[in-house]
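Summary of the model geometry
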Amino acid sequence: MNRDIIFYSYLTSEQKKILDGSIQRFTFRKGQVVHRHGDACVGVIFVHQGRLAFTALSEEGREITLFRAESGQTCVLSASCVFQGVESESIVTAEVKTELSILPAAVLAQLMQENHDVERLVYKNAAQQYASALSTLQKIVFFSLEKRLASFLKEECSRRKSPVFSATHEQIARYIGSSREVVTRTLNQFASRGIVSLGRGTVTVLDQDALEDILA
């Protein structure tokens, strides 16, 4: 399983022993908090099965999901203490039952110091996650709510490779930086226009072209 880690093949035999002896495996149930700001630095998270949400917290308690890490992906920003000057009010939560491994921050820092390929890949992954977070924030700032919702629905269908996916209105609100009440109202408007069909905890996109028109 450790062989799936993005930088494992670049490690020396000794470094692989260090990683194999330090990494810890966990299973988190749906909705369980994996890490929250203020806890001891958790380290880098490797998702084997399931899905994690990395959510930023404002001083007013508002939550915005900046990016998600799914099966086969890595959550580097959970080890932000390794990067000098990086600090964020955040929480990492399992959106579904999730199996993952955590490499302690101190071991990650050691490997990054000893192996330039590890350092390169970790920073590359961090840059990608920051880019995803920035894209989310830009949409919140510059897109209308209707466009943010249309963009989310379009991207979620692409992510799931299906027009049907599971998501609560509360989750969607965090994804697009709104409130549950506003999301429910807008989804109902989309439903009345034949763009989506709503079920209990599910959304079915019926008209992709209509979403494209909203985003145009």
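Read on for an overview of the structure. Just so it is clear, the structure is predicted and the values come from calculations on it, not from any experiment. Within each chain, residue numbers correspond to sequence positions counted from 1 in written order. This being a predicted model, a pLDDT of at least 70 is required before a residue's local features are given, and a value of 80 or more before pairs of side-chain atoms are given or counted; all residues contribute to the totals for chains, interfaces and linings. Each side-chain value is derived from all of the structure's non-hydrogen atoms; neither hydrogens nor water enter the calculation.

What to know about the environment of isoleucine 140
- Labels follow the DSSP assignment, with helices taken as runs of H or I lasting at least four residues and strands as runs of E lasting at least two, numbered in each case from the N terminus. For isoleucine 140, the position within the fold is in helix α3 (residues 116-142).
- Throughout, a contact is declared for two residues whenever any of their heavy atoms are within 4.5 Å. Those residues within four positions of isoleucine 140 in sequence are excluded, and the remaining contacts are Arg62, Ile64, Arg148, Ile176 and Gly177.

With respect to the sheet that holds strand β6 (residues 74-75)
- A pair of strands is labelled paired if DSSP reports no fewer than 2 bridges between them. Taken in spatial order, the four strands make up an open sheet running β1-β8-β3-β6, and their pairing is antiparallel. Edge positions in the sheet fall to β1 (24-28) and β6, since each of these pairs with one other strand and no more.
- In this sheet, strand β8 (residues 98-103) lies alongside strand β3 (residues 44-49) in antiparallel orientation, the contact comprising five bridges. Counterpart to valine 44 in the pairing with β8 is leucine 103.

Here's the deal with α3
- Multiplying 1.5 Å by the helix residue count minus one yields the expected span of that helix. Helix length check: α3 (27 residues) gives 38 Å between terminal C-alpha atoms against 39 Å at 1.5 Å per residue, within 8%.
- The buried label applies to any residue whose accessible area, calculated with a 1.4 Å probe on protein chains only, is under 20% of its type's maximum; exposed applies above 50%, and partly exposed to all values in between. Along α3, the residues that are buried comprise Val118, Leu121, Val122, Asn125, Ala126, Gln129, Ala133, Thr136 and Ile140.
- The inward-facing, buried residues of α3 abut β5 (63-70), β6, α2 (105-114), α4 (145-160) and α5 (169-176).
- In protein, a polar contact requires one atom able to donate a hydrogen and another able to accept it; more generally it is a pair of N or O atoms within 3.5 Å, and residues adjacent in sequence count only if both atoms are side-chain atoms. N-capping of α3 is provided by asparagine 115, with a side-chain oxygen placed 2.9 Å from the backbone N of aspartate 117.

Regarding the nonpolar core
- Here the nonpolar core consists of buried residues drawn from Ala, Val, Leu, Ile, Met, Phe, Trp, Tyr and Cys, with membership extended through side-chain atoms lying within 4.5 Å. Core analysis: the largest hydrophobic core is formed by 37 residues, its most contacted members being Phe7, Leu19, Ile45, Leu52, Leu103 and Leu111.
- At six residues, the largest contribution of residues to this core is made by α3.
- Those residues in contact with leucine 52, other than ones at most four positions away along the chain, are Val34, Ile45, Val47, Phe67, Arg68, Ala69, Val92, Thr93, Ala94, Thr98 and Leu100.
- Core analysis: the next-biggest nonpolar cluster, separate from the first, contains 21 residues, Tyr175, Ile195, Val203 and Leu211 among them.

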